Structures are given as structure tokens and as C-alpha cells.
Amino acid sequence: MKAVRFHAHGGADVLRYEEIPEPLAGPGEALVRVRACALNHLDLWQRRGLERVKIPFPHISGADVAGEVEYSPDGEFAPGRRVMLQPGLSCGRCAACLDGRDNECPKYDVLGYRSDGGYAEYVRVPVQNLIAIPDAISFIEAAAFPLAFLTAWHMLITRARLRAGDDVLVLGAGSGVGQAAIQVAWRHGARVFATAGADEKLAKARQLGAYEVINHETEDLPARVREFTNGRGVDVVVEHVGTATWDRSLKCLVRGGRLVTCGATSGHDASIDLRVLFTRQLSLLGSYMGRKAELLRATQFLFAGELRPVVDRTYPLAEAAEAHRRLESRQSFGKIVLVV
Ligand SMILES: [Zn+2]
């Protein structure tokens, strides 16, 4: 089969389009013919190299996959069945898994992180990671959905316990998580404020449901948030930027507000004045991926047309390096998808 792999860490040019043997499905695993695979920031971190996680070489990235079942154990899914893949891999047997908190499993992993992922014509996954999709959902949309919407759902609904009427600030509206968080919050009755670094991105954020938008490059973010909320501040901040926005994000919170973070694309160093934390009674919440049951619930909104992943651009699999450069350029709005 054709696959895109890297044999060493580095820039986008380490990605090689090459011919390799097809994977073999092991016990309990299905083999899926990949039709689309969306990019995530995780793919960039893996390619560049991580301090704490050793990536096996050669490596195939790709957590967000849609395609057709080639083989499934006991024929549970008919060959040709259209599916998207749950990106989370967990043991299924520990206390966290059995309690439905599979993203807290000690063995938790993401497809294409330490295992081979979807930048290939075929991928093998545990059969429980298959989710059948209706014909009305394209492979490209299905691939653009799971990781971003699962992450946004877990952040807002489970971690931050979003309630109708909450004011929510979403940073980086053009990112995968940003566009998903705007939609998830709006669908749950929140009033959404969104930021971006370019005016054309702000216009798109409004179309997704943002009530007011703020250019975080040119405007004073906390001042604008106070203005829009009658001096109150927001109940929830959706953070994934890190160092560059951390201080300003904290200043946007109302007393008792919750900041939930799932990433640190601009850097992972941040500090907080503990007096602010306790006197303002803030909650700082970490969030990583989400639960399988949450993704199943979110897909009901996708299938009903109430959540729609925004697709920035598609590239053929052979042009994965170009796709990585697009993601790194920060020009994109929404998901970048490889068509296989
Ligand atoms: Zn487990």
C-alpha cells in the first residue's frame, strides 16, 4: 500500500510517500481502507519530536480517519461499510475504562501517536473503534469530525459543565478545536465570544455561531470581553494556545469562572498569581481528548446536521508535507484533510 511515513524527526520534508506492506489485523482488530484522514497539531508535534514520548520509527501519523471496512472480526461490520474511527485507544478493562472514563486509562493512546495511523491506504484498529456513518456524511467531513469535536465536547460539557446561558470565550476560532468549540457551545445555549488573528477568520467565526468576535492580535482582549459582558467577564474560557494568551485568558473570567485547556501551541510555560486564583474562586481545568461515549453522542449532532466540521482544504495523501506546511502557516480555518 501507499503510506506517508517519517524515519527521523524534523521539518515537513521528513514526510515520505512510499510503498510499504499492508498492515495485518490482529485479534479483535478491523482493517479499514482509509478514504480521508484529517490533520491535527498532534501530527506536527510527533514529526518534530517530543521531549517525553518516544515515537517509533518509521512512523505513520493520523488520528482522524474515515473509510470503508475491509475486514472486521466475526464479520461484525460488512466489508465496504462506511465508518469513521474513534481516535482514542484504551485497555477496556481498567477501573477508568469500566467507569466510562476511557481517556483516563493508564494505557490510553491516540491512533497514530505511538501506533500507526491514517496517513496510509489501510489502517488497523480495535473493532470497538469503528463508528458507522450514514451515506449523507462524506468521508472528508467524517474524518474532520472526531478529534476536534470530541476534544471540544469533553472540555465544555464534561470538564467545564457548560450550562445554557453561560458566556463562553473561545480562543483561536480558526483552529480545529476552536471551530468545534464555537459550535458545541452555541448548540448548548451558550453565548459565544470568539477570537482570531485575522479579520476574515472573525467573519467565519460569526457564521458558526459566535455572538461577538475579537481580533486577539490588534484588540485588547480582556477589555473587549468586559465591554461585551457589561464588565462581568465570561463563565468559561476555552484555552489551547498557552503562553501567548494565558494571562489575558485569566483576566477574561468572571468570579467563579472556569478556564479549560487542552493544548499549548504557543508554549507550555504559564504562571498564575495564587491570590487571584483563590479570591476570584477560579477553576483551572485540564482536558485531554474525551470519552468514547461523548464522541458517540456528538456524532448524533453531526448526523442530524447540527454540528458541521469546517474543512479548510484537502490534499492528496502524496502531498501530506504540503498539508503540514499549511497547518504550520496558521493561515487555515478549520480542518485540513488528506484524501486517500
Ligand atoms: Zn483502561
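The text that follows walks through the structure, step by step, so that each part is easy to find.

What counts and what doesn't
Residues numbered from 1 in each chain as written. Predicted model: local features only at pLDDT ≥ 70, side-chain atom pairs only at ≥ 80, totals over all residues. Heavy atoms only, no water. Helix = DSSP H or I, 4+ residues; strand = E, 2+ residues; numbered from the N terminus. Rg over C-alpha atoms; globule rule 2.2 N^0.38 Å. Buried < 20%, exposed > 50% of the residue type's maximum accessible area, 1.4 Å probe, protein only. Contact = heavy atoms within 4.5 Å. Areas by Shrake-Rupley, 256 points an atom, 1.4 Å probe, with all protein chains shown as cover. Lys, Arg positive; Asp, Glu negative; His and termini not counted. Charge placed at Lys NZ, Arg CZ, Asp CG, Glu CD. Axes fitted to C-alpha atoms, helices over the stretch in contact; angles between N-to-C directions. Parallel < 35°, antiparallel > 145°, perpendicular 65-115°, else oblique. Left-handed = near helix turned anticlockwise from the far one by under 90°. Nonpolar A, V, L, I, M, F, W, Y, C, P; charged D, E, K, R; others polar. Donors = N, O, S within 2.8 Å, 3.2 Å for Na, K, Ca; no water. Tetrahedral: all angles 85-135°; square planar, octahedral: opposite > 155°, others 65-115°. Pairing = 2+ DSSP bridges. Phe/Tyr/Trp six-rings, centres within 6.5 Å; stacked < 30°, edge-to-face > 60°. Lys NZ or Arg CZ within 6 Å of the ring centre and 35° of its normal.

Observations concerning the overall build of the protein chain
And step 1. Counting secondary structure elements, the protein chain contains eleven helices and 17 strands.
And step 2. Radius of gyration (C-alpha) of the protein chain: 20 Å, near the 20 Å computed for a compact globule of 340 residues.
And step 3. Expressed along its principal axes, the backbone C-alpha trace of the protein chain runs to roughly 60 × 40 × 40 Å.
And step 4. Taking all 340 residues of the protein chain together, 55% fall into the buried category.
And step 5. A separation threshold of at least 6 residues defines the contact pool for the protein chain, and within that pool the share at least 24 residues apart is 70%.
And step 6. Total accessible area on the protein chain stands at roughly 14,800 Å², and carbon and sulfur atoms take up 49% of it.
And step 7. Computing the positive centroid from 42 side-chain charges and the negative centroid from 40, the protein chain places the two 4 Å apart.

Quick look at the packing of helix α4 (residues 146-159) against helix α5 (residues 176-187)
And step 1. Contact pair α4 / α5: the axes reach a minimum separation of 8 Å and the direction vectors enclose 50°. With respect to α5, the axis of α4 lies oblique. As α4 runs across α5, the sense of the crossing is right-handed. Taking contact as the criterion, the partners of A148, F149, T151, A152, W153, M155, L156 and I157 in α4 are, on α5, G176, V177, Q179, A180, A181, Q183, V184 and A185.
And step 2. Along the lines of polarity and charge, the residues of the contact of α4 with α5 split into twelve nonpolar, four polar and no charged.

Side note on the coordination of the zinc ion
For a metal with four tetrahedral donors the ideal donor-metal-donor angle is 109.5 degrees, whereas six octahedral donors ideally subtend 90 or 180 degrees.
And step 1. The zinc ion binds to the protein through C91 (SG), C94 (SG), C97 (SG) and C105 (SG); the donor distances cover 2.3 to 2.4 Å.
And step 2. Geometry at the zinc ion is tetrahedral, judged from the four donor atoms that bind it and their angles of 106 to 116° at the metal.
And step 3. In the primary sequence, the donor residues of the zinc ion line up as C-x2-C-x2-C-x7-C.

A closer look at unusual backbone geometry
And step 1. Along the chain, F57 connects to P58 via a cis peptide bond; the corresponding omega equals -15°.
And step 2. Residues other than glycine seldom take positive phi values, yet Q281 does so here, at roughly 55°.
And step 3. Mapped onto the elements of the fold, Q281 is located in the loop between α9 (274-279) and β15 (283-286).
And step 4. We classify Q281 as exposed; its relative accessible area is 60%.
And step 5. A positive phi angle, close to 60°, is found at R330, a residue other than glycine.
And step 6. With respect to the helices and strands, the residue R330 is situated in the loop between α11 (320-329) and β17 (335-339).
And step 7. Look at R330 and you get partly exposed, because its relative accessible area is 49%.

Description of the sheet that holds β15
And step 1. Spatial strand order, β12-β11-β10-β13-β14-β15: six strands in an open sheet with parallel pairing. Each having just a single partner strand, β12 (212-215) and β15 make up the two edges of the open sheet. Strand-to-strand twist across the sheet, computed as the mean angle between neighbouring axes with direction ignored, equals 20°.
And step 2. In the sheet, strand β10 (residues 167-170) pairs with strand β13 (residues 234-239) via three bridges, with the strands oriented parallel. Bridge pairing links L169 to V237 in β13.
And step 3. Sheet contacts for helix α6 (residues 199-208): β11 (191-196) and β12; angle to β12, the most-contacted strand, approximately 160°.
And step 4. Docked against the sheet, helix α7 (residues 221-228) engages β10, β11, β12 and β13, running at close to 165° with respect to β12.

A word on the pairing of strand β3 (residues 29-38)
And step 1. Counting buried residues in β3 gives nine out of ten residues, a clear majority hidden from the surface.
And step 2. In terms of strand pairing, β3 meets strand β8 (residues 122-126) through five bridges, oriented antiparallel. Following the sheet pairing, L31 is matched in β8 by R124.
And step 3. Pairing of β3 with strand β4 (residues 64-71) involves seven bridges; the strand directions are antiparallel. For A38, the partnering residue across the bridge sits in β4 and is D64.
And step 4. Two strands pair when backbone bridges link them, and β3 and β17 are joined in this way by three bridges, in the antiparallel orientation. The residue of β17 that forms the bridge with A38 is V337.

Considerations on the side chain of S332
And step 1. Structurally, S332 is set in the loop between α11 and β17.
And step 2. Judged by relative accessible area, which is 7%, S332 ranks as buried.
And step 3. Discounting chain neighbours no more than four positions away, the residues touching S332 are G174, K201, D312, R326 and L327.

Some points on the packing of aromatic side chains
And step 1. The tally for this structure, following the rule as stated, stands at six aromatic pairs.
And step 2. Measuring from ring centre to ring centre gives 6.2 Å for Y108 and Y288, while their planes differ by 80°; the resulting arrangement is edge-to-face. Taken as a pair, Y108 in the loop between α2 (95-98) and β7 (109-110) and Y288 in the loop between β15 and α10 (292-303) lie far apart in primary sequence, 180 residues in all.
And step 3. Residue Y108 is classed as buried on the basis of its relative accessible area, which comes to 8%.
And step 4. With relative accessibility at 42%, the residue Y288 sits in the partly exposed group.
And step 5. Of the aromatic side chains, those joined through ring pairs into one cluster are F193, Y211 and F228.
And step 6. Across from the ring centre of F139, 4.4 Å away, lies the NZ or CZ of R82, which sits over that ring.

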